[in-house]
Amino acid sequence: MSKSNFATIKQIGYGAMGLEGYYGESDDSVAVETLVHAIEQGMMIDTADAYGAGHNEDLISKAIQRTEQKAFVATKFGIVFEEQQTGSTLDTGWGFPLTINGTKEYVARAIDNSLERLGVEQIDLLYAHYLDPNVALEETVQAMAEAVKAGKVKAIGLSNVTAEQVLRANEIHPIAAVQYEYSLFRREAETDILPAVNQIGAALVCWSPLGAGFLTGEVKELDANDFRNNNPKMQGDNFATNLERLEEIKKIAVEYDITPAQLALAWLVAQGDNIIPIPGSRKTSRIDENLAALQVTLSEETLAKLNEIAPIGAFKGATLV
Ligand SMILES: NC(=O)c1ccc[n+]([C@@H]2O[C@H](COP(=O)([O-])OP(=O)(O)OC[C@H]3O[C@@H](n4cnc5c(N)ncnc54)[C@H](OP(=O)(O)O)[C@@H]3O)[C@@H](O)[C@H]2O)c1
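About the thresholds
- Residue numbering note: each chain is counted from 1, following its sequence as written.
- Per-residue local features of the predicted model are confined to residues with pLDDT of at least 70, and side-chain atom pairs are confined, for both listing and counting, to 80 or more; whole-chain, interface and lining totals are unaffected and use all residues.
- The basis for every side-chain value is the complete set of non-hydrogen atoms in the structure, without hydrogens or water.
- Going along the chain from the N terminus, every DSSP run of H or I of four or more residues is numbered as a helix, and every run of E of two or more is numbered as a strand.
- A radius of gyration in this sense is built from C-alpha atoms; the matching globule rule multiplies 2.2 Å by the number of residues raised to 0.38.
- Three labels apply to residues, based on accessible area from a 1.4 Å probe with only protein chains included: buried if under 20% of the type maximum, exposed if over 50%, partly exposed otherwise in between.
- What makes two residues a contact is simply this: any of their non-hydrogen atoms within 4.5 Å.
- Areas reported as accessible are Shrake-Rupley estimates using a 1.4 Å probe. Residue values count occlusion only from the protein chains shown.
- By the counting scheme adopted, Arg and Lys are positive, Glu and Asp are negative, and His together with the chain ends is not counted.
- Charged side chains are reduced to one point each, which is NZ for Lys, CZ for Arg, CG for Asp and CD for Glu.
- Nearness here has a simple test: a residue counts as near a molecule or strand if at least one of its heavy atoms is within 4 Å of that partner.
- Any N or O atom pair separated by 3.5 Å or less is treated as a polar contact, with the protein-specific requirement of one donor-capable and one acceptor-capable atom, and with residues adjacent in sequence counted only for side-chain atom pairs.
- Three classes are used, and their members are as follows: Ala, Val, Leu, Ile, Met, Phe, Trp, Tyr, Cys and Pro are nonpolar, Asp, Glu, Lys and Arg are charged, and the others, Gly among them, are polar.
- In this analysis, rings of Phe, Tyr and Trp, with Trp reduced to its six-membered ring, are considered paired at centre separations within 6.5 Å, and the interplanar angle assigns stacked below 30 degrees, edge-to-face beyond 60, and tilted for intermediate values.
- Here, a charge over a ring is recorded when the distance from Lys NZ or Arg CZ to the ring centre is within 6 Å and its angle to the ring normal is within 35 degrees.

A. Geometry of the overall build of the chain. Looking only at helices and strands, one finds 11 helices and 10 strands in the chain. On C-alpha atoms alone, the chain measures out to a radius of gyration of 19 Å, which is about the 20 Å that the 2.2 N^0.38 rule sets for 321 residues. In terms of overall dimensions, the chain has C-alpha extents of about 50 × 40 × 40 Å along its principal axes. A buried classification covers 55% of the 321 residues belonging to the chain. Across the chain, the fraction of contacts at a sequence separation of at least 24, relative to all contacts at a separation of at least 6, is 77%. As presented, the chain carries roughly 13700 Å² of accessible surface, and 48% of it is formed by carbon and sulfur atoms. If the 26 positive side-chain charges of the chain are averaged to one point and the 45 negative ones to another, these points end up 2 Å apart.

B. Inspection of the site of the ligand at higher detail. As a matter of local geometry, the ligand sits amid 32 residues, with Y23, D46, S208, L210 and S281 nearest to it. Between L210 and the ligand, the recorded distance is 2.7 Å, taken from a backbone N or O atom to an oxygen atom. Out of a free accessible area of 910 Å², the ligand has 94% covered by protein chains. For the shell around the ligand, the leading source of residues is helix α10 (residues 284-291), giving three residues. A breakdown of the residues in the shell around the ligand according to their chemical character gives 12 nonpolar, 12 polar and eight charged.

C. The packing of aromatic side chains, seen in detail. Using the criterion set out here, one finds eight aromatic pairs in the structure. Taking NZ or CZ as reference, R228 lies 4.5 Å from the ring centre of Y23, over its face. Its guanidinium or amino end placed over the ring of F185, K233 lies 5.8 Å from that ring's centre, counting from NZ or CZ.

By themselves, these observations are geometric and do not establish any function.
In structure tokens form, the structure reads like this:
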């Protein structure tokens, strides 16, 4: 990967989405302390303007002000979350559609709003959260490139895109990172996204690297208002079958005397030095636990065994993006 973009951060980052209560209640003052801890550990902070409709970026701004350590913040635009804004309807397979706007006017405005909420002069890494199905990729990426030229953004990335889109966008402006769901729980990125990312020398930033908590072994049932009820992998028979498969993975964690979360993250890091998992947690102790996965080296034999237990598509339940 382009080392210069990520030289100041650890290979495991921190995803801040869960601080908005998607996977259970979150307390704002604890959340700010949690963010300060992640920043001080040298982890990239991953957010989006849509997380908590701007609230997540506000929390990060508070954390940035509370520490001397320079934060590395990656944010995203494109999911419409303000009532007065319009966009294109995108089906996600999560049981509800998203509204996406990728026009150059929307991109410019979203960047200015994120800079203001975050209270920074430059965004370290800016992603298009999803591409707008009715706006040419060229228009969106060109608008992002303009922001780099203006000094508002340091590096750009794409999230939830196809390999072909990665290559096309990289012709317009270097793409530093592609964000996609990637873990033992969902390995489809290996088929085409990862080769494209490797081809252009970018980083693959893995969202839900713990399978939205599933791979930790702690998720056995979900509260009625838990966002993960929308995930086909955590519904009905799929959920039960997937939990059985997880037992085989947990046995390997026991052999290494590490937690299942650490095993899941060590496996990702072993896939390449351009793979950056961004696990989320509301607890500083878990941030430390997750970061410590960088000290774990899995043997070739273990990696082969994990391939057997969890090949691409092994965990049941399709998701579209
Ligand atoms: N680009 C996109 O479209 C997209 C989509 C989804 C997510 N993301 C990004 O990816 C980040 C991570 O994804 P995610 O939050 O969906 O899933 P994740 O990181 O795979 O899992 C988070 C869940 O795991 C639990 N957890 C974390 N560490 C743990 C540990 N060591 N032991 C036990 N449980 C643990 C957390 O609970 P506690 O809080 O209770 O610890 C939380 O419920 C997000 O925060 C967001 O920044 C991006």
